[in-house]
Amino acid sequence: MSRQAEIVEVLKDDGFRSVNDLAARFAVTTSTIRRDLERLEAMDLVQRTHGGAIPIRQSDTPHQFKEELHLAEKSAIGKAMAERILDGQTVLLDGGTTTLEVARHLTRRRLTVVTNDLRVAMEIAQRRSAHLVFIGGELLPDIYTTWGPASVLQLENLRVDVAVFGADTVCDDGLYHTSSYEVELKRLMRSIAKEAFFVADSSKFGREALFKVLEVDDFTAGITDDLLDPIRASQFPIPIIQVGAER
């Protein structure tokens, strides 16, 4: 994980951190942290303040930074989910960096994979044994997923065995997203699937996001890493499967 990507995550969680605190956390000099903050401010991800920085809440973490966060956990989650998908099934993979890890672990499987994520589609396209159905539509900038009326129309004529969803936030009452663009599409994805799972690393639990996508009990189970408090996991109305990561 890059230091700058983790700084964004730390500020989102804590609201404010001083330059000295960040330097101590990452074992680098204060001048290095100041350069990091300058770059992040130029990207409209943080706002520098006297002695430190605060997050710009309305800005979501850039996709290229998301790819660098919690890599070991996402890989373990992706492997665990892939193992639950059976040969011959039709599986829908939602967009996101964790569902991309599911796709990367779907090796040597004879499957039909439906997705609206361009990067997931490229991963599946390399599998000779997999049949790919790509959901067309308008490409959302920076996040590689399609949406819009064309996407909805195509999905309405499909049925799948399993749908796998990512999440910006997992709360007690459901999965939330930071933008409203794909909410309708994600709800339609769930409606065409016999069963559904969500995959989310432990940092996604309890965060804030504005738009509710699905109820927790819309899912058969959720898969996360072993850093989530087991007591917290046990409080959900569905099984939350925790998997260990190689760190």
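The shown structure was predicted, so the numbers you read here are calculated from the model rather than taken from an experiment. (Residues numbered from 1 in each chain as written. Predicted model: local features only at pLDDT ≥ 70, side-chain atom pairs only at ≥ 80, totals over all residues. Heavy atoms only, no water.)

## Some words on a nonpolar patch on the surface
On the surface, a nonpolar cluster with roughly 440 Å² of combined accessible area is contributed by Leu118, Met122, Phe134, Leu139 and Tyr144. Looking at the element boundaries, Phe134 is found in strand 6 (residues 130–134). Its relative accessible area of 30% is what places Phe134 among the partly exposed residues. (Patch = residues over 30% accessible without salt bridge, like charges linked within 9 Å, V, L, I, M, F, W, Y side chains within 5 Å. Areas by Shrake-Rupley, 256 points an atom, 1.4 Å probe, with all protein chains shown as cover. Salt bridge = Lys/Arg side-chain N within 4 Å of Asp/Glu carboxyl O. Helix = DSSP H or I, 4+ residues; strand = E, 2+ residues; numbered from the N terminus. Buried < 20%, exposed > 50% of the residue type's maximum accessible area, 1.4 Å probe, protein only.)

## Things to note about the pattern of salt bridges
Under the counting rule described, the total for this entry stands at 14 salt bridges. As a salt-bridge pair, Asp21 and Arg17 come within 4.0 Å of each other at their nearest N and O atoms. Accessibility expressed as a relative area gives 17% for Arg17, which makes it buried. One salt-bridge network, held together by shared partners, links Glu101, Arg104, Glu123 and Arg127.

## Notes on the packing of helix 6 (residues 97–104) against helix 7 (residues 118–125)
Where helix 6 contacts helix 7, the axes come no closer than 9 Å and their chain directions differ by 5°. As the angle between them shows, helix 6 and helix 7 are arranged roughly parallel. Judged by residue contacts, Thr97, Thr99, Leu100, Ala103 and Arg104 of helix 6 engage Arg119, Val120, Glu123 and Ile124 from helix 7. Looking at the contact of helix 6 with helix 7, its residues break down into four nonpolar, two polar and three charged. (Axes fitted to C-alpha atoms, helices over the stretch in contact; angles between N-to-C directions. Parallel < 35°, antiparallel > 145°, perpendicular 65-115°, else oblique. Contact = heavy atoms within 4.5 Å. Nonpolar A, V, L, I, M, F, W, Y, C, P; charged D, E, K, R; others polar.)

## Things to note about the sheet that holds strand 5 (residues 111–115)
A sheet is described by the order of its strands in space; here seven strands give the open sequence 6-5-4-9-12-14-15, paired in parallel fashion. Two strands lie at the open edges of the sheet, namely strand 6 and strand 15 (240–243), each paired on one side alone. On average, each strand axis in the sheet is inclined to that of its neighbour by 25°, with strand direction left out of account. Where strand 14 (residues 221–225) lies against strand 15, four bridges are found, and the strand directions are parallel. Within the sheet, the bridge partner assigned to Asp225 lies in strand 15 and is Val243. The strands touched by helix 7 are strand 4 (90–93), strand 5 and strand 6; relative to strand 6, the strand with the most contacts, the crossing angle is about 155°. Along the sheet, helix 9 (residues 183–191) makes contact with strand 4, strand 9 (160–165) and strand 12 (193–199), crossing strand 12 at roughly 125°. (Pairing = 2+ DSSP bridges.)

## Some details on the sheet that holds strand 11 (residues 174–177)
What links the strands of a sheet is backbone hydrogen bonding, and the strands pair in either a parallel or an antiparallel sense. Taken in spatial order, the three strands of this open sheet run 10-11-13, and their pairing is antiparallel. Strand pairing shows two members of the sheet lacking a second neighbour, strand 10 (169–171) and strand 13 (211–215), which therefore form its edges. Neighbour to neighbour, the strand axes of the sheet diverge by 30° on average, direction disregarded. Along the sheet face, helix 9 touches strand 11 and strand 13 and points at about 5° away from the line of strand 13.

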